[in-house]
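# Structure at a glance
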Amino acid sequence: MEFHQAIPVDSDYDDSSSSDGDAASSKYSKYSTQSLTSSIYEYRYENGRRYAAIKGGEYTLPNDEAEQERLDIIHHIYLMLLEDKLHLAPIDSNPQKILDIGTGTGIWAIDVGERYPSAQVIGTDISPIQPSWVPPNVEFQIDDAELAWTFKKDSFDLVHIRHMCGAIKDWDELIKQAYRVCKPGGWIDCAEYEMDIFCDDHTLPDSLEIKKFYVLVNKAVETTGADFTMADKLKPVLEKTGFTNVHHELAKIPVGPWAANRKLKDMGAYVMMSADTGFEAFGIQLFTNVLGMDLEDARHVIQMSLKQARNRHIHGYGKHHLYYGQKPLDE
Ligand SMILES: C[S@@+](CC[C@H](N)C(=O)[O-])C[C@H]1O[C@@H](n2cnc3c(N)ncnc32)[C@H](O)[C@@H]1O
């Protein structure tokens, strides 16, 4: 199956009488979802969610348990998408050093450390939410990827960057720093998604609250100076930085288990599971603190979006962009 093809709809699922996702009696009931300093541990609590206080609380997603669970679900979705591969970059089978920027819960770094025991794996993040019991070749560092990286030039076989749109202001600089630390012949592997929901069969009119949700998130993120528009634009950035053999592909991932294809159906079900807390994670702080919306209005948009995402007659999907590129051997 090609990642970017139109996704055929499962007519059984679509024909169900219930449209609000609360389909306990349907055959798809299982798809209805229910070097550290102390300041790094300073958290901010707001509207029932916990945020990193570092960088003046600039990063707008929470870092609490619900968010960590959401990140781990998305990791699982990517494993399904990539058929258990952790990256698309065709790296050597015996890598020595791997870097994961914005590692989140560290789930990718831990998996990659287990897959390549030869490699020393470093995961960096501004939040100390990674586990302490990890494979001996995996370590985590608290580091702001927007500051100058202290890693040695030409030292990593693979630099992995996943889902950092909305967190990074200067992507040219981020990719330049990744290029500097890549070994000649080493690889960068990136995955980003567009902050929008798409549809190929007109079941998702622009008038829906869920469309408004994405418009509002983009507007708010733009105000913060972070960039959520880079997901489909990284190929020229990688190329102008010097990476060669640059590869880009688009993967459509359904929101909800509406696809006829079994694997896409399962992936869509996991997306719905992540959406249970995802709409709130993305929306609540941006809508109230950045856009100045009333909490009640913000909650209304979030709740309506979740309800519409669960609507089995709406066939929405996300666009995920997968990239890799190689630093030339003669560099
Ligand atoms: C959406 S999560 C993705 C996590 C992980 N890459 C994954 O795919 O599971 C983004 C992560 O980037 C981290 N982050 C945000 N801004 C950062 C920065 N300037 N430097 C390092 N990490 C950052 C956040 O704390 C969060 O853990």
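Residues numbered from 1 in each chain as written. Predicted model: local features only at pLDDT ≥ 70, side-chain atom pairs only at ≥ 80, totals over all residues.

Our focus in this paragraph is the nonpolar core. Generally speaking, soluble globular proteins have nonpolar side chains that are buried together. Ile98, Val159, Ala178 and Ile188 are the most contacted members of the largest nonpolar core, which totals 86 residues. Counting residues per element, this core draws most heavily on helix H7 (residues 262–290), which supplies twelve residues. Beyond its immediate chain neighbours, meaning those up to four positions away, Val159 contacts Leu99, Ile101, Ala178, Val181, Cys182 and Ile188. (Core = buried A, V, L, I, M, F, W, Y, C linked by C-beta atoms within 7 Å. Buried ≥ 20, exposed ≤ 12 C-beta atoms within 10 Å, placed from the backbone. Helix = DSSP H or I, 4+ residues; strand = E, 2+ residues; numbered from the N terminus. Contact = placed C-beta atoms within 7 Å.)

One can expect most non-glycine residues to show negative phi and most peptide bonds to be in trans. A positive phi angle, close to 50 degrees, is found at Glu83, a residue other than glycine. When you line up the elements, Glu83 lands in the loop between helix H2 (65–81) and strand S3 (97–101). Of the residues examined, Glu83 has 7 C-beta atoms within 10 Å and is grouped as exposed.

Where burial is concerned, most of S3 is hidden: five out of the five residues are buried. The two faces of S3 match: Lys97, Leu99 and Ile101 on one face and Ile98 and Asp100 on the other face are all buried. Pairing between S3 and strand S4 (residues 120–125): five bridges, direction parallel. The residue bridging Lys97 from the neighbouring strand is Gln120, located in S4. Here four bridges tie S3 to strand S6 (residues 156–162), and the two strands are oriented parallel to one another. Across the sheet, residue Leu99 finds its bridge partner in S6, namely Val159. (Pairing = 2+ DSSP bridges.)

With that settled, consider H2. The end-to-end C-alpha distance of H2 is 24 Å, a good match for the 24 Å that 17 residues give at a rise of 1.5 Å each. Burial in H2 covers these residues: Glu67, Arg70, Leu71, Ile74, Ile77 and Tyr78. The arc that holds every buried residue of H2, seen down its axis, measures 115 degrees, which confines them to one face. Each element contacted by the buried residues of H2 is listed here: strand S7 (182–193), strand S9 (244–254) and H7. Immediately downstream of H2, the backbone of Glu83 shows phi near 50 degrees, a positive value. (Expected span 1.5 Å × (residues − 1). Arc of directions from axis to C-beta.)

What follows deals with the confidence of the model for the protein chain. Reading predicted coordinates in detail is not appropriate for stretches of low pLDDT. For the protein chain, the mean per-residue pLDDT works out to 91, and 92% of the residues sit at or above 70. Every residue in residues 17–36 scores below 50 in pLDDT, and together they form 31 contacts with partners more than four places removed in sequence or on other chains. (pLDDT = per-residue confidence, 0-100.)

Relative to the assigned elements, Thr103 resides in the loop between S3 and helix H3 (107–115). Accessibility expressed as a C-beta count within 10 Å gives 26 for Thr103, which makes it buried. As a C-alpha pair, Thr103 and Pro90 span 13 residues in sequence and 21 Å in three-dimensional space. Setting aside residues up to four positions removed in sequence, Thr103 forms contacts with Trp108, Ala109, Gly123, Thr124, Asp125, Gln130 and Phe140.

To characterise two packed helices, one gives the angle between the axes of the helices and the distance between these axes. With their axes 9 Å apart at the nearest point, H7 and helix H8 (residues 295–310) run at an angle of 155 degrees to one another. One way to sum up the angle between H7 and H8 is to call them roughly antiparallel. Here H7 and H8 pass one another in a crossing that is right-handed. Facing Met272, Ala275, Phe279, Glu280, Gly283, Ile284, Phe287 and Thr288 of H7, the residues of H8 in contact are Leu295, Ala298, Val301, Ile302, Ser305, Leu306, Ala309 and Arg310. Of the residues that constitute the contact of H7 with H8, the class distribution is eleven nonpolar, three polar and two charged. (Axes fitted to C-alpha atoms, helices over the stretch in contact; angles between N-to-C directions. Parallel < 35°, antiparallel > 145°, perpendicular 65-115°, else oblique. Left-handed = near helix turned anticlockwise from the far one by under 90°. Nonpolar A, V, L, I, M, F, W, Y, C, P; charged D, E, K, R; others polar.)

Remark: helix H5 (residues 209–224) packs on H8, axes separated minimally by 8 Å, with the N-to-C direction vectors making an angle of 125 degrees. By the angle between their directions, the pair H5 and H8 is classed as oblique. As for how H5 packs across H8, the hand of that crossing is left-handed. Touching Glu209, Ile210, Lys212, Phe213 and Leu216 of H5 are Val301, Met304, Ser305, Gln308 and Ala309, all from H8. The class makeup of the residues in the contact of H5 with H8 is six nonpolar, two polar and two charged.

To continue, consider H7. Between its terminal C-alpha atoms H7 stretches 40 Å, which fits the 42 Å expected from 29 residues at 1.5 Å a residue. By the largest-angle criterion, Ala275 marks the main kink of H7, which is about 45 degrees. (Bend = angle between axes of the 7 residues up to and from the residue.)

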